Structure formats: structure tokens, C-alpha cells
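A look at the structure
Listed below are the residues making up each chain.
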Amino acid sequence: MGLKDFAERKVVDTFVKHELTKLEKDPQGTFINLMGYAKKMNVFEDETFNKAIMVAKDDNNGWTKYGIDIAKNIDRNILYKTLMNFGYEASLYGSKIREKYREEWGTNLPWTILFDPTSACNLHCIGCWAAEYGDKLNLSFEEMDSIVQQGKDMGIYFYLVTGGEPLVRKDDLIKLADKHNDCCFHIFTNGTLIDKAFCEEVKRVGNMNFAVSLEGYEDDNDFRRGKGVYKRVIDAMKLMKEEGILFGNAVCYTSKNVDTVTSDEFLKLLIDNGSKLIWYFHYMPVGKDAVVDLLPTPEQRKYMVRRIEELRSKDADPAILAFDFQNDGRLINGCIAGGKDYMHINANGDVEPCVFIHYSSANIRDTSIKDALAQPLFMAYKENQPFNKNHFRPCPMLENPEVLRKMVKETGAKSTDLIAAEDVEELCSKCDHYAEHWKQTADELWDEYKPVKKA
């Protein structure tokens, strides 16, 4: 960080700390001031900024209530670190560095890196593609430290952490977050290892938040995850709410549960227990034993588009920040994998384009992340993105399987599946029927949304 950047960071840090002292008495005024400052730093376009200000001034708007709830109930150190590390380091300072190196290297360079500290898990959930990995594969603390340090050198300050169950390595993750206290770590977890002592450490470091897996009510969850797990997860959510920990939920939607996990009743359950965001992930038929019957139908996926739109509307009350990993391709110019906006490093060190695409020709144990971004498969991603002009069909596997077939075969990338190697032809054949049948509905949706949505 140069002298100019250091001075800028100091000014931003001072302003944020000052505004947070007023948060309790005047949350709306604080939000407006923070957004105004962000506008000066070119974070918002005029239209986005004006809409945000209108929301903040409307006492009856569900999103205003959402913001006030966060102001009142999230631990101050966590809120401060989120604003600084996610808001400034990752989004502002980091973006300048990343853009510089993208041009210099001619490769993709991601906004975030997702890595797996371990293949181990304290549960053994039916249908989980990570459930069979066992506990033999781990990234050492030194390797995780190197991933983050290499990332920071490239302007990456936001890290997603999954597994296995990452909190099997909770002590190392706290140590990592403490050492890299200018970064933000978002951890996908089953929630069963969260206790009071861990919450205290999370509040101390301030730069960790969580997405807790929950895919329905007690009977469905415990059938898949084991008796009593649902109660343990709800108890963990209640504890984090009491402790002021920032967290949300991760939900995989399938043909069997899509109505349940998007219902008002289910969302109220999450919100009442402290959840502030929800990640919806489309079921992916990854792994040799993957069941294609769980793939949502075209009508179900179309319903998800409409439902997410409802959850984001100004009338959402109570509000929860909802993302749909698949359908939101229309908002971010299609597929974000292969280093365009994110990449994945598994517990064996393999550098993969996506958490769902288990092919690679690079491993962090014998190459740098910079060089891994230049591996043939990643360059093929860069050259072919977006994989479809219709961003309701973003994925090279799920909606464009012929593309993934071609890229893997032409680049010579090898299967990195930690259970059993899966030939790309075998994987893509499970998606051919889905892609064909989704195309018509996706094209209809794209014609509807394209005129009013930016690609």
C-alpha cells in the first residue's frame, strides 16, 4: 500500500468510526452519511444512490427497518470491520489493484477466492458431494495463510470458506482472520460447532461472518443430516443472534424442496432467529452418484426468478438479503467462475474454476495463484465468457454442457474430484436434458428482463 492509499484508508477509517458513534441514536442519518461518503468515492452511480437515499428516508420501507435492525443488533466491531474490510478494502482499494494486474497479466483475476480448509466434517449428510471425502485432506495453516497473502498482493480482500465443515478448523480460521485483519471471511457452515466461546472470538476479530446450511424444517433436515441436527442449528442461530454475530443461511433448492425453502413461513423462521441474508444455490448433479431427479423443473426455476424479485422489492417486510447463485447471472454478466469474479481451491490444493466444476491442471503446492489463473482451463473460461448471451443460462455445465465438454477436452484438464474421477462426458450428460428443456423458458425470461436489466 502506497502513501496515497495509506492516507486514503486513514481518512475512510476515521470517518467510519466517527459515524458509528452516532449509529445508536440516529441509524438512518448514519446510513445516509455513509452512503453519501461512498458516493463521493464513486461507489454508487447517481440513480442507485438516489434510490438508496429515498429508501433510507422512508420509515415504512422494509429495507429501512432491515438496516435499523442491523444497526441495533450487530456487534459494533463486526459492523466496523464489515464496512472497512468488505466496503473499503475489497470493493474500493482492492478493485484498483485487481484492474491493474488484469491488464498487465491478461488473465482473469477474481473478486473473491473460495477455499476449503479441510475435507473433514462432523456430519455425514445424505446427498452431499463433500460427505464422502473423509478427513484425510487438509490445507495447512501455512497454506491458507499463503492463499490469503497472495490474494492480498493481487487486491483480493474477500474470502469464502467452505469444506467439508470448515469449523472443524475453527482455531486456525480465527488465527487466519486475526492475522489478516484487513480481510473479510464469509464461512459456509453446518452451524453445529458454533458455541459461546467461539462467538466471543468472532466478536474479537470482527472480520468473520457465516452462512448456515438449512434446507427445510426438522423432518427433512434430520432425515438428511442426522437426528437432532435441526435443533442444534436453530440453537446456534439463536446464540449468534444474542451475541450480535452477522450471519445468514445457505439453502440448496431442488425439485423436492423449492416451495418449502422459499415460503413466507420458512423465511420468517430464519429472520426471527437472526438471519440477515440467504444464499440460494441451484442443485448441481456433481459426482458419480448425483441424482438428476433433484434438478428443478423449468417452471420451478422460473418461480425462483419471480420469488427472488419479490424478496428484493421495496414492499419486502420483514426483509432479508436474498441471492440466487444461478439466476443472478443476469445481473453480473453471466458465469463468474474461472477467476472472472471467483475461483475455488479444494482441500487438496487443486485450483478449480468453480466449487461445482472439479477440473484443473494447477495446484497451490507447486504453483502460485497468479500462474494458476493462467492455466489453460482458466484461459478458456476467460476467452469464452459469457458462455451464453442469455444470462439466465450462465453455466458452462448446467445450461451449456457442450461448452464445458469442449473446454476440458481441449485444455487437457484433469478431474480433481476428491472421491472418484468423473469424466467430463459423464458429468455433462447429466445436464443435457436439463439444458435443452430450460432453454425455452430461459429465453422467454431473457426477452422479458433484458430491456430493463443491465447485462
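A brief look at the structure comes next.

Conventions used here
- Residues numbered from 1 in each chain as written.
- Predicted model: local features only at pLDDT ≥ 70, side-chain atom pairs only at ≥ 80, totals over all residues.
- Heavy atoms only, no water.
- Pairing = 2+ DSSP bridges.
- Helix = DSSP H or I, 4+ residues; strand = E, 2+ residues; numbered from the N terminus.
- Contact = heavy atoms within 4.5 Å.
- Expected span 1.5 Å × (residues − 1).
- Buried < 20%, exposed > 50% of the residue type's maximum accessible area, 1.4 Å probe, protein only.
- Arc of directions from axis to C-beta.
- Right-handed = clockwise from strand over helix to strand, strands pointing away.
- Phe/Tyr/Trp six-rings, centres within 6.5 Å; stacked < 30°, edge-to-face > 60°.
- Lys NZ or Arg CZ within 6 Å of the ring centre and 35° of its normal.
- Salt bridge = Lys/Arg side-chain N within 4 Å of Asp/Glu carboxyl O.

So, the sheet that holds strand 3 (residues 184-189)
- As summarised here, the arrangement of the nine strands in space is 7-6-5-4-3-2-1-8-9, forming an open sheet in which the pairing is mixed. Because the sheet does not close on itself, it has two edges, and the strands there are strand 7 (321-324) and strand 9 (351-352).
- Here four bridges tie strand 1 (residues 112-115) to strand 8 (residues 342-345), and the two strands are oriented parallel to one another. In the sheet register, T112 faces strand 8, and the bridge partner there is Y342.

What to know about the environment of V233
- Structurally, V233 is set in helix 10 (residues 229-243).
- With 43 residues separating them along the chain, V233 and N190 place their C-alpha atoms 7.2 Å apart.
- Ignoring any residue separated from it by four or fewer positions in sequence, one finds V233 in contact with N190, T192, V212, S213 and L214.

Some thoughts on helix 3 (residues 46-57)
- Taking 1.5 Å per residue, twelve residues should reach 16 Å; helix 3 reaches 17 Å between its end C-alpha atoms and fits that length.
- Listed in full, the buried residues belonging to helix 3 are F49, I53 and A56. One side of helix 3 holds all its buried residues, which, seen down the axis, span an arc of 65°. Opposite the packed face of helix 3, turned more than 90 degrees from it, sit the exposed residues E47, K51 and M54.

Examining the pairing of strand 4 (residues 208-213)
- For strand 4, a buried count of six out of six residues is recorded, marking the element as mostly surrounded by other parts of the structure.
- By the alternation rule, side chains of strand 4 split into M208, F210 and V212 and N209, A211 and S213, which are all buried.
- In this structure, strand 3 lies alongside strand 4, joined through five bridges in parallel fashion. Pairing of I187 across the sheet is with F210, part of strand 4.
- Since strand 3 and strand 4 lie parallel, the crossover through helix 8 (residues 196-205) that links them has a hand, and here it is right-handed.
- Across four bridges, strand 4 lies against strand 5 (residues 247-253) in parallel orientation. Bridging across to strand 5, V212 finds its partner in N249.

Some details on the packing of aromatic side chains
- If you walk through the whole model with that rule in mind, you get 22 aromatic pairs.
- When the centroid spacing of 5.5 Å and the interplanar angle of 85° are considered together, the rings of F86 and W111 count as edge-to-face. One end of the pair, F86, is in helix 5 (residues 76-105); the other, W111, is in the loop between helix 5 and strand 1, and 25 residues separate them in sequence.
- By relative accessible area, which is 31% here, F86 ends up partly exposed.
- With a relative accessible area of 21%, W111 lands in the partly exposed category.
- Grouping aromatic residues by their ring pairs yields a cluster made of F188, W279, F281, F323, F325, Y342 and F356.
- Against the face of Y449 rests R330, its NZ or CZ located 4.6 Å from the ring centre.

Side note on the pattern of salt bridges
- Within this structure, the stated rule accounts for 39 salt bridges.
- In this structure, K39 engages D46 in a salt bridge whose closest nitrogen and oxygen atoms are separated by 2.7 Å.
- In this structure, E399 and R301 form a salt bridge, with 2.6 Å as the shortest nitrogen-oxygen distance. You can see E399 sitting in the loop between helix 15 (376-384) and helix 16 (401-411) and its partner R301 sitting in helix 13 (residues 298-311), a full 98 residues away along the chain.

In short, shape yes, function no, at least from these values alone.
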